[in-house]
Amino acid sequence: GVRLLLHGLCTNTTVKSLDLKGNNLRTMGAEALGKLLRQNKSIRSLTLEWNSLGMWEEGFSFFCQGLRANNFLQRLDLRNNQINHHGAGELAMALTQNTSLQELDLRWNNIGLLGGRALLNCLHSNKTLKRMELAGNNVPGDILKAVEQALDHNQDREAILSEAQNQVNILSKEVLSLKDEKNKQFVDFVDTVDKQKEERARSEKMSAARVSQLQEALDEQYSIMNSLKAKLQMTEAALALSEQKVHKLGELVNAMKQEQNSVAECHFKELQQQKQEGADREGRLLHDLSAASEKNLLLKNQVDELERKCKVQQDQLFQVKQDLTNTTAELKLRAVEAEDRLEMEKRRFKQSLEDMESLRVKEVDRMAQQMEASERSMHDRIQRLEAIRISLDEKLSQVKAAALTERGRAEEELIKVRSQARLEEQQRLEHLEEKLRLMTESRDEAQNCCLKQKEMVAEAQAKAKQLSLYADGLRRRLDELQQELDRKEEEKVTELNKMKVELQGQIGHLEAERTAQDGLREKIAALERQLKALSSNHREALLDKEGEISLLLEKLRMKEAEISRMREEEAQRASFLQNAIMAYVQGSPLGAHSSRK
């Protein structure tokens, strides 16, 4: 009956405890128990008290072989089974290979000294057995104490292993949580990287569109500049003709002044001679007084006629001055507008540079926050992203270099135009001085030239307005240049008008002509100094602007160096963190356990 029962339990997976106490199991029952222990994997407790299994050595050895192969049984009760020292030896051999049994009850058997020693020796290799009862087996006390010490050692070892297992479980949970967090961070980082890629692609598209627009605008500006240069050449030719005429008029005025000076000197000499003759011949030439008075009246009439002519010339000069002042005022207004437009463009360029710098700083901060939580697996992707960023930076630097070169070209063109304007102004000053001398004879020709110049300026303004629809920036620059030229011409014309008025006032007073000429020379020298000062100021302003641009470029380079340094530091920090985590994992019990496996 036991054999059938145990045969049915071989395939059972629900029974945890089996009690066969006092059933007189013999050889067949012991063999059936050995087979059960080989095949069954669910029984944890087996009670075999009062069955006399030790009397049947073959059956008990078969039972011990089954116990040796079993790794699931935890409690075994073999009390009162008449087990002798041979059975104890068999049981000890089984226990050397069993790794699941924790409690063994062998009370009230006949194990003796040899059986006790065999059981003690098996405890050196068995580390799972925690409790063994050997009372009533005629085992010496020293062997019992040694067995108790070995069992205590196994219990302590089990406690340590349980604690280590608990720590391993805790650490594994923490590692899993860290892995989950890192996976989340990795996913977030990948999302942010994708977003940055999209933003960079958009920025590249926008920059490409802007570059194309700027290229088109530059092409239009070049065409406009060429047309304006042609117009300026035409106007310069007309101005050269007018300046030649003014030079001729100035020469005539100088000739008139020289003649007047010679006449005045002659009159002065004649008066001195007359005074001497009068002093010598007072008595003799009383009747000549009437003739001298008549001569004086004639001279007075001549002087009156000369004064009238001077007034007429002054009126003519005043009209010419008014025309010149009107033209200079218009030119000054244009120059003011051109300067305002240049300042607006400079401010916009500075704002764009500041925006690009702020965007770069923000991107660097974001990358720094994300790189702190990165792992070794992310280095390859980060390197790819850095390569992409470097390529983008190179493209941006190329675009900036192109913009800077275009700006340098524009500034060089401006400098050339300004130098030409200054040369033209100097030439105009010389021509205007000559015109003052020839104004009496060629007033009509000068008026015609002025009218032609006004017509040319009006045509240039109309064409500039039409071109402003295509390129506002170029028109502003050209207007600024024209306004600067107009201002300078107006200032020169006003100063020349003042000089003309002073000369006309001095024509009536022949004695004060020399002092007036000295004052005019001093004023001309002052004007030349002012022109030199203005040119030096313009040069200093241009040098200051170039220095500011160089400083900005140096700042950009410094910031890029700082960004690269921050990236290197972040990479080092990430590597240090990864090394620390690996060292911690290797030094932990989990790492030791994995290394042992």
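None of these values were measured; they are calculated from a predicted model. (Residues numbered from 1 in each chain as written. Predicted model: local features only at pLDDT ≥ 70, side-chain atom pairs only at ≥ 80, totals over all residues. Heavy atoms only, no water.)

Visitor: Got a minute to help me understand the overall build of the protein chain in this structure?
Guide: Helix and strand content of the protein chain: 12 helices and five strands. Split into buried and exposed, the 597 residues of the protein chain put 31% on the buried side. Considering only contacts within the protein chain whose residues lie at least 6 apart along the sequence, 89% involve residues at least 24 apart. Of the roughly 37,800 Å² of accessible surface on the protein chain, 54% is carried by carbon and sulfur atoms. (Helix = DSSP H or I, 4+ residues; strand = E, 2+ residues; numbered from the N terminus. Buried < 20%, exposed > 50% of the residue type's maximum accessible area, 1.4 Å probe, protein only. Contact = heavy atoms within 4.5 Å. Areas by Shrake-Rupley, 256 points an atom, 1.4 Å probe, with all protein chains shown as cover.)

Visitor: For this particular structure, what's the right way to read the packing of helix α2 (residues 27–39) against helix α3 (residues 57–69)?
Guide: Angle between the axes and distance between the axes are the two parameters that describe a pair of packed helices. Following both chains from N to C, one finds α2 and α3 inclined at 10°, their axes separated by 7 Å at the closest point. Regarding the angle of α2 to α3, the classification is roughly parallel. Along the contact surface, α2 presents Thr-27, Ala-30, Glu-31, Leu-33, Gly-34, Lys-35, Leu-37 and Arg-38, while α3 presents Gly-59, Phe-60, Phe-62, Phe-63, Gln-65, Gly-66, Leu-67 and Ala-69. Per-class residue counts for the contact of α2 with α3 are eight nonpolar, five polar and three charged. (Axes fitted to C-alpha atoms, helices over the stretch in contact; angles between N-to-C directions. Parallel < 35°, antiparallel > 145°, perpendicular 65-115°, else oblique. Nonpolar A, V, L, I, M, F, W, Y, C, P; charged D, E, K, R; others polar.)

Visitor: Would you explain a negative patch on the surface in this entry?
Guide: There is a patch of like negative charges on the surface, built from Glu-31, Glu-57, Glu-58 and Glu-90. Here Glu-31 lies in helix α2. (Patch = residues over 30% accessible without salt bridge, like charges linked within 9 Å, V, L, I, M, F, W, Y side chains within 5 Å. Salt bridge = Lys/Arg side-chain N within 4 Å of Asp/Glu carboxyl O. Lys, Arg positive; Asp, Glu negative; His and termini not counted. Charge placed at Lys NZ, Arg CZ, Asp CG, Glu CD.)

Visitor: Would you take a moment to explain the pattern of salt bridges for this structure?
Guide: Where charged atoms from two side chains of opposite charge approach closely, those side chains can pair. Taken as a whole, this structure holds six salt bridges when the rule is applied. Its salt-bridge partner being Glu-49, residue Arg-79 comes within 2.8 Å of it at the nearest N-O pair. A residue pair is termed long-range when its members are at least 10 positions apart, and Arg-79 in the loop between β3 (75–77) and α4 (85–97) and Glu-49 in the loop between β2 (45–47) and α3 qualify at 30 residues. The class for Arg-79 is partly exposed, based on a relative accessible area of 21%. Glu-49 sits in the buried class, given a relative accessible area of 9%. For Arg-79, the salt bridge goes to Asp-77, with nearest N and O atoms at 2.9 Å.

Visitor: Just to check I follow, could you spell out the packing of aromatic side chains for this structure?
Guide: According to the stated counting rule, one finds one aromatic pair in the structure shown. Positioned over the ring face of Phe-62 is Arg-38, at 4.5 Å from the centre of the ring. (Phe/Tyr/Trp six-rings, centres within 6.5 Å; stacked < 30°, edge-to-face > 60°. Lys NZ or Arg CZ within 6 Å of the ring centre and 35° of its normal.)

Visitor: What should I look at first to understand the sheet that holds strand β5 (residues 131–133) in this one?
Guide: Strands in a sheet are paired, the pairing made by backbone hydrogen bonds, and the direction either parallel or antiparallel. Spatial ordering of the open sheet is given by β1-β2-β3-β4-β5, a layout of five strands whose pairing is parallel. Every other strand in the sheet has two partners, leaving β1 (17–19) and β5 as the edge strands with one partner each. Going from strand to strand, the sheet's axes swing by 0° on average, the running direction of each strand aside. Two strands pair when backbone bridges link them, and β3 and strand β4 (residues 103–105) are joined in this way by three bridges, in the parallel orientation. (Pairing = 2+ DSSP bridges.)

Visitor: Quick question: what am I supposed to make of the environment of Gln-426 here?
Guide: Assignment of secondary structure puts Gln-426 in helix α8 (residues 379–438). A residue is classified by how much of its surface remains accessible, and Gln-426, at 45% relative accessible area, is partly exposed. Placed 66 residues apart in sequence, Gln-426 and Lys-492 show a C-alpha to C-alpha distance of 9.8 Å.

Visitor: Any chance you could explain α2 here in plain terms?
Guide: For an α-helix, 3.6 residues make a turn, and residues three or four places apart therefore share a direction. For α2, built from 13 residues, the straight-helix expectation of 18 Å at 1.5 Å per residue is met to within 8% by its first-to-last C-alpha distance of 19 Å. For α2, the full list of buried residues reads Gly-29, Ala-30, Ala-32, Leu-33, Gly-34, Leu-36 and Leu-37. Elements that come into contact with the buried residues of α2 comprise α1 (2–9), β1, β2 and α3. (Expected span 1.5 Å × (residues − 1).)

Visitor: Where do I start with the nonpolar core in this structure?
Guide: Within soluble globular proteins, side chains that are nonpolar generally end up buried alongside one another. Residues Leu-48, Leu-76, Leu-78, Leu-104 and Met-132 are the most contacted members of the largest nonpolar core, which totals 44 residues. Of all the secondary structure elements, the ones that give two or more residues to this core are α1, α2, α3, α4, α5 (112–125) and α6 (141–280). Those residues in contact with Leu-76 that lie beyond four places of it in its chain are Leu-46, Leu-48, Phe-63, Leu-67, Leu-101, Glu-103, Leu-104 and Asp-105. Formed by five residues, the second largest nonpolar core is a distinct cluster that contains Val-246, Leu-432, Leu-496 and Leu-520. (Core = buried A, V, L, I, M, F, W, Y, C linked by side-chain atoms within 4.5 Å.)

Visitor: Quick question: what am I supposed to make of the confidence of the model for the protein chain here?
Guide: Averaged over all residues, the pLDDT of the protein chain equals 79, while 88% of them reach at least 70. Overall, residues 590–597 carries pLDDT values under 50, and its contacts beyond four positions in sequence, including any with other chains, amount to seven contacts. (pLDDT = per-residue confidence, 0-100.)

Visitor: What should I look at first to understand the packing of α3 against α4 in this one?
Guide: Following both chains from N to C, one finds α3 and α4 inclined at 15°, their axes separated by 8 Å at the closest point. Relative to α4, the element α3 lies roughly parallel. Judged by the twist between their axes, the crossing of α3 over α4 is right-handed. Touching Glu-57, Phe-60, Ser-61, Cys-64, Leu-67 and Arg-68 of α3 are His-86, Gly-87, Glu-90, Leu-91, Met-93, Ala-94 and Gln-97, all from α4. (Left-handed = near helix turned anticlockwise from the far one by under 90°.)

Visitor: I keep staring at the environment of Gln-74 and nothing clicks. Help me out?
Guide: Take Gln-74: it is sitting in the loop between α3 and β3. The class of Gln-74 is partly exposed, set by a relative accessible area of 36%. Taking the C-alpha atoms as reference points, Gln-74 and Ile-43, 31 residues apart in sequence, are found 8.5 Å from one another. Apart from the residues within four sequence positions on either side, Gln-74 is in contact with Arg-44, Ser-100, Leu-101, Gln-102 and Glu-103.

Visitor: Looking at this structure, I do not really get α4. What am I missing?
Guide: Look at α4: 19 Å from first C-alpha to last across 13 residues, which is about the 18 Å you get at 1.5 Å a residue. Restricting attention to buried positions, one finds in α4 the residues Gly-87, Ala-88, Leu-91, Ala-92, Ala-94 and Leu-95. Burial along α4 is one-sided: seen end-on, the buried residues are contained in an arc of 165°. Buried residues along α4 sit in contact with α3, β4, α5 and β5. Structurally, the start of α4 carries an N-cap: the backbone nitrogen of His-86 is 3.2 Å from a side-chain oxygen of Asn-84. (Arc of directions from axis to C-beta. Polar contact = N/O pair within 3.5 Å; in protein donor to acceptor, adjacent residues only side chain to side chain.)

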